[in-house]
Number of protein chains: 2
Amino acid sequence: MSKYDALKIENQICFPLYACSREIIKQYKPFLDEIDLTYTQYIAMMVLWDKKIMNVKAMGEILYLDSGTLTPVLKKLESKGLVTRQRSASDERNLIVTITDMGEALKEKAVTVPTAIAKCSNLEPEEAAMLYRILYKMLGSSKT
Amino acid sequence: MSKYDALKIENQICFPLYACSREIIKQYKPFLDEIDLTYTQYIAMMVLWDKKIMNVKAMGEILYLDSGTLTPVLKKLESKGLVTRQRSASDERNLIVTITDMGEALKEKAVTVPTAIAKCSNLEPEEAAMLYRILYKMLGSSKT
DNA sequence: CATAATTAAATTGAGTTCAATTTAATTATA
DNA sequence: TATAATTAAATTGAACTCAATTTAATTATG
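Below is a summary of the structure that appears in this document.

Conventions we followed
- Residues numbered from 1 in each chain as written.
- Chains lettered and ligands numbered in written order.
- Predicted model: local features only at pLDDT ≥ 70, side-chain atom pairs only at ≥ 80, totals over all residues.
- Heavy atoms only, no water.
- Near = heavy atom within 4 Å.
- Polar contact = N/O pair within 3.5 Å; in protein donor to acceptor, adjacent residues only side chain to side chain.
- Helix = DSSP H or I, 4+ residues; strand = E, 2+ residues; numbered from the N terminus.
- Phe/Tyr/Trp six-rings, centres within 6.5 Å; stacked < 30°, edge-to-face > 60°.
- Buried < 20%, exposed > 50% of the residue type's maximum accessible area, 1.4 Å probe, protein only.
- Lys NZ or Arg CZ within 6 Å of the ring centre and 35° of its normal.
- Contact = heavy atoms within 4.5 Å.
- Buried area = accessible area lost by both parts, 1.4 Å probe.
- Salt bridge = Lys/Arg side-chain N within 4 Å of Asp/Glu carboxyl O.
- Nonpolar A, V, L, I, M, F, W, Y, C, P; charged D, E, K, R; others polar.

## Here we look at the protein's contact with DNA strand C
Part 1: Neighbouring DNA strand C are 29 residues, the closest being T38(A), Y18(B), T71(B), K75(B) and R85(B).
Part 2: One of the side-chain nitrogen or oxygen atoms of T71(B) is found 2.6 Å away from a phosphate oxygen of DNA strand C.
Part 3: Of all the elements in the fold, those that place two or more residues in the surface near DNA strand C are α2 (39-51) and α4 (67-79) of chain A together with α1 (14-34), α3 (56-63), α4 (67-79) and β2 (83-87) of chain B.

Take a look at the structure:
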């Protein structure tokens, strides 16, 4: 027991969070490769599969990402033909992202991903539920 | 209830993990700025504050990072005078990273960081303990 | 022993992330 | 209404992450 114990990697809560998130994203890779999306592109598409239309700011609030990250991701999705990007007529500061038919079609393939990933997890349902609850509690209090 | 529900962002377990980890790393920033370390440099230093000497491979196993990430990080720490990097005499494939006196000295300043961060968390101790347990369970089963 | 296989770091390239700044549009106010 | 303040995206630059490849050293095998 030393005054430096708090500095040990095994006593951090952030470290396993960070490592775990990267490890799971790695598990997604083979499945996302099949639909030619990166993880960030995938979660951006998730929002659009659900909402169809959304501006960058609103998307950023949902995904906890700013325009510095989202702009290149959305341009990439546009170049793949999955979304369109256009300024709002009523307020040209806003960029409106809309899913295309090709983007909608990709949803049919993507729907198999969550099932495949679920099989990789070794958590009990109660553990997953607990984890989910705790993470959203943390996220809720970090909202800017 | 649709067959696409599994594709909704609010039904993912990976997403809050990923968002949470980035949000917490953001919280570290002001404290790490004071000791001129990034988060990745900080966790690398954590290993060395504890072990003093370690090769890149062993460090990578602890941190779940490969040489592609660690090499530039360690070169940066070397340029700051916090570590030295030298090939092992007994097996020149191995690069041995050793903490310097300056690196050791930084530990005195760094020791205030975990305390400062702990104050930012809104989790109950039991929640933090549960989170820790679940995350290491997940990490344990993703070990390659 | 010579060659093949393996191993550890480093390198490369694509993509992500974020802080800080810039640009352009809109809203508020003197 | 002109100017100031605010807002939304985009841009820039530094750093991280990872897959894939390369280089060099070591170990295993024919």
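On we go from here.
## Digging into the packing of aromatic side chains
When we look at a pair of aromatic rings, we describe it by the centre distance and by the angle of the planes.
Part 1: In total, this model carries 15 aromatic pairs over all chains according to the counting rule given.
Part 2: When the centroid spacing of 4.7 Å and the interplanar angle of 50° are considered together, the rings of Y132(A) and Y136(A) count as tilted. With Y132(A) and Y136(A) both in helix α7 (residues 125-142), this residue pair falls four residues apart, about one helical turn.
Part 3: Look at Y132(A) and you get partly exposed, because its relative accessible area is 27%.
Part 4: An aromatic cluster is defined as three or more aromatic residues linked by ring pairs; in this entry it consists of Y28(A), Y39(A), Y42(A), W49(A), Y64(A), F15(B) and Y18(B).
Part 5: Across the ring face of Y4(B), the terminal group of K107(A) is positioned such that the distance to the ring centre comes to 4.1 Å.
Part 6: When the ring centre of Y18(B) is taken as origin, the NZ or CZ atom of R22(B), which lies over that ring, is 4.2 Å away.

## Quick look at the interface of chain A and chain B
Part 1: Listed by partner, the interface residues are 56 residues for chain A and 56 residues for chain B.
Part 2: The largest per-residue losses of area from chain A upon contact with chain B belong to L7(A), C14(A) and Y18(A), which jointly make up 11% of the total buried on that side.
Part 3: In this assembly, chain A and chain B are joined by eight salt bridges.
Part 4: Of the charged contacts in the structure, one is a salt bridge between K3(B) and E108(A), with a shortest N-O distance of 3.1 Å.
Part 5: When residues of the side of chain A that touches chain B are traced back to their parent elements, those giving at least two are α1 (14-34), α2, α3 (56-63), α5 (101-110) and α7 of chain A.
Part 6: The class makeup of the residues in the side of chain A that touches chain B is 37 nonpolar, seven polar and twelve charged.

## Considerations on unusual backbone geometry
Part 1: Even without glycine at this site, D36(A) takes up a positive phi of about 55°.
Part 2: The topology assignment puts D36(A) in the loop between α1 and α2.
Part 3: Of note in this structure, Y64(B) is not a glycine but carries a positive phi near 60°.
Part 4: Take Y64(B): it is sitting in the loop between α3 and α4.

Scope: geometric values only; no functional claims are made or implied.
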